[in-house]
Amino acid sequence: MDLFAKIERLKREKNAVILAHYYQDPDIQDVADFIGDSLELARAAQKSTADLILFAGVHFMAEGAKILNPTRKVVLPDLRAGCSLSDSCPPSRLREFKKNHPDHFVVSYINCSAEVKALSDVICTSSNAIRIVEQAPKDRPILFAPDRNLGRFVMEKTGRDMTLWPGSCIVHETFSERKIAELRVRHPGAKVIAHPECEENILKLADFIGSTSQLLKTVIESEDEIFIVATEAGILHQMKKKAPGKTLIPAPPNQNCACNECPFMKLNTLEKLAQALENEGPAIDVPEAIRIPAAEALQRMLDWSNK
Ligand code: 13P
Ligand code: SF4
């Protein structure tokens with residue numbers, strides 16, 4: 001049976017909804033009920049009234065959905081879909097930091113585990129990080145975890161000094177400054193648009209920096225015609241669909257590899273989506289002792305984003 005038809009049938013039978021991140025494969029984006037960046041997906045998960053939420057993304061995203069909407073069943077097609085940023089901040093090390101620096105206000109990027117969220121004062125995503133840090137208490141030092149690149153970018157934009165956790169995204173650290181410069185010469189007028197998880201040298205040459213949704217919006221709304229896109233290549237699918245006349249060039253990685261594709265995001269496949277709907281698993285569970293403080297930090301983010 002056609003996989004698309006099978007997924008549609010299972011969605012109806014199970015009263016399920018598919019939430020997908022922009023970094024998913026095109027066919028997964030096409031079966032999704034909602035596609036978004038991390039902030040939009042968190043909001044969609046919180047509002048969902050479906051019995052089953054299938055998260056086509058990575059583990060911390062599915063955990064976030066469960067934290068914000070605990071009465072729904074949340075499934076992730078492949079439990080191995082992790083994240084290098086999340087892995088760079090084990091809860092035990094954050095706990096240790098907090099013990100040694102009890103005065104620090106902890107702002108954590110949403111790309112972290114439920115336990116790390118529970119140890120944080122507030123969460124942020126790449127689309128609201130500046131706004132969140134601007135609202136952090138002025139009389140306390142800040143620890144920004146776990147993405148040092150996003151943290152450095154936010155520090156520059158807000159003027160707030162912060163201690164940066166030494167984490168990074170394996171995908172966003174692969175872009176080649178030299179190859180982007182070469183592309184610019186070959187495509188006069190091309191604009192470089194970059195995700196803030198990219199390294200400082202790439203952000204310095206970017207014409208626009210923003211979350212995946214903000215990059216998509218820029219391509220749709222800008223009068224420019226050619227874009228060199230420095231983020232995970234999955235976003236190009238929606239860019240091509242929503243701005244068909246534009247020329248989109250994925251920023252090349254340093255090596256001759258497909259390193260601009262997230263290996264964790266790409267673990268999800270249509271087959272695994274169908275199986276996850278059928279089995280209603282693997283399901284994500286977060287113990288209440290962790291979920292409650294993690295939900296507080298996430299809810300603070302959602303409240304501060306709307307201010
Ligand atoms: P956004 O969804 O906030 O753009 O973040 C991208 C990302 O790396 C998700 O893992
Ligand atoms: Fe994590 Fe980077 Fe993959 Fe996003 S793209 S899930 S930050 S490893």
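Below is a short write-up of the structure. (Residues numbered from 1 in each chain as written. Chains lettered and ligands numbered in written order. Predicted model: local features only at pLDDT ≥ 70, side-chain atom pairs only at ≥ 80, totals over all residues. Heavy atoms only, no water.)

Attention now goes to helix H1 (residues 3-14). With 12 residues, H1 extends 16 Å from end C-alpha to end C-alpha; this agrees with the ideal 16 Å at 1.5 Å per step. All buried positions along H1 are accounted for by Ile7, Leu10 and Lys11. All buried residues of H1 project into a common sector of 105 degrees when viewed along the axis, lining one side. Opposite the buried face of H1, at more than 90 degrees from it, the exposed residues are Arg12 and Glu13. On its buried face, H1 sits against strand S1 (16-21), helix H2 (26-31) and helix H14 (270-279). Where H1 begins, the capping side chain belongs to Asp2, and its oxygen is found 3.0 Å from the backbone nitrogen of Phe4. (Helix = DSSP H or I, 4+ residues; strand = E, 2+ residues; numbered from the N terminus. Expected span 1.5 Å × (residues − 1). Buried < 20%, exposed > 50% of the residue type's maximum accessible area, 1.4 Å probe, protein only. Arc of directions from axis to C-beta. Contact = heavy atoms within 4.5 Å. Polar contact = N/O pair within 3.5 Å; in protein donor to acceptor, adjacent residues only side chain to side chain.)

Here we come to the pairing of strand S9 (residues 191-194). Relative to strand S11 (residues 226-230), S9 runs parallel, the two sharing four bridges. What sits directly across from Ile193, in S11, is Val229. By the bridge criterion, two bridges tie S9 to strand S10 (residues 208-209) in an arrangement that is parallel. Bridge pairing in S10 places Ala194 opposite Ile209. In terms of handedness, the path from S9 via helix H11 (residues 200-205) over to S10 forms a crossover that is right-handed. (Pairing = 2+ DSSP bridges. Right-handed = clockwise from strand over helix to strand, strands pointing away.)

Before going further, it helps to examine the sheet that holds strand S8 (residues 162-164). In spatial order, the strands read S6-S5-S7-S8; together these four strands make up an open sheet with parallel pairing. In this open sheet, the two edge strands, each paired with only one partner strand, are strand S6 (122-124) and S8. Between one strand axis and the next, the sheet turns by 25 degrees as a mean value, whatever way the strands run. Where strand S5 (residues 105-109) and strand S7 (residues 142-145) come together, four bridges link them in parallel fashion. Within S7, the residue paired with Val106 across the bridge is Leu143. Strands S5, S7 and S8 of the sheet are contacted by helix H9 (residues 148-158), whose axis makes an angle of about 160 degrees with S8. (Axes fitted to C-alpha atoms, helices over the stretch in contact; angles between N-to-C directions.)

This next bit is on the sheet that holds strand S2 (residues 34-36). Pairing is parallel across the open sheet formed by four strands, whose spatial order is S2-S1-S3-S4. Among the strands making up the open sheet, the edge pair consists of S2 and strand S4 (73-75). The sheet shows a mean angle of 20 degrees between the axes of neighbouring strands, taken without regard to direction. Sheet topology note: the S1/strand S3 (residues 52-56) ladder contains five bridges and is parallel.

Okay, the site of ligand 1 next. Around ligand 1 sit 14 residues in total, of which His21, Ser38, Ser126, His195 and Thr212 are the nearest. Considered class by class, the residues forming the shell around ligand 1 number five nonpolar, seven polar and two charged. (Near = heavy atom within 4 Å. Nonpolar A, V, L, I, M, F, W, Y, C, P; charged D, E, K, R; others polar.)

A few words now on the nonpolar core. In globular proteins that are soluble, nonpolar side chains generally tend to be buried together. Leu19, Val107, Ile180, Ile228 and Met301 are the most contacted members of the largest nonpolar core, which totals 71 residues. In terms of residue count, the dominant contributor to this core is helix H15 (residues 288-306) (seven residues). When residues no more than four places from it in sequence are discounted, the contact partners of Met301 are Leu39, Ile110, Val122, Ile123, Cys124, Thr125, Asn128 and Ile132. In this structure, Leu10, Leu54, Leu270 and Ala276 belong to the second largest nonpolar core, which totals 17 residues. (Core = buried A, V, L, I, M, F, W, Y, C linked by side-chain atoms within 4.5 Å.)

Our focus in this paragraph is the pattern of salt bridges. According to the stated counting rule, one finds 18 salt bridges in the structure shown. Arg178 is the partner of Glu182 in a salt bridge, and the nearest nitrogen-oxygen pair spans 2.7 Å. Separated by four residues within a single helix, Glu182 and Arg178 lie in helix H10 (residues 177-186), roughly one turn from each other. Close ionic contact of Lys266 with Glu232 constitutes a salt bridge, the shortest N to O distance being 2.9 Å. Taken together, the residues span a long stretch of sequence, with Lys266 in the loop between strand S12 (247-250) and H14 and Glu232 in the loop between S11 and helix H13 (235-242) at a distance of 34 residues. Take Lys266 and Glu232: they sit in the same class, and that class is buried. (Salt bridge = Lys/Arg side-chain N within 4 Å of Asp/Glu carboxyl O.)

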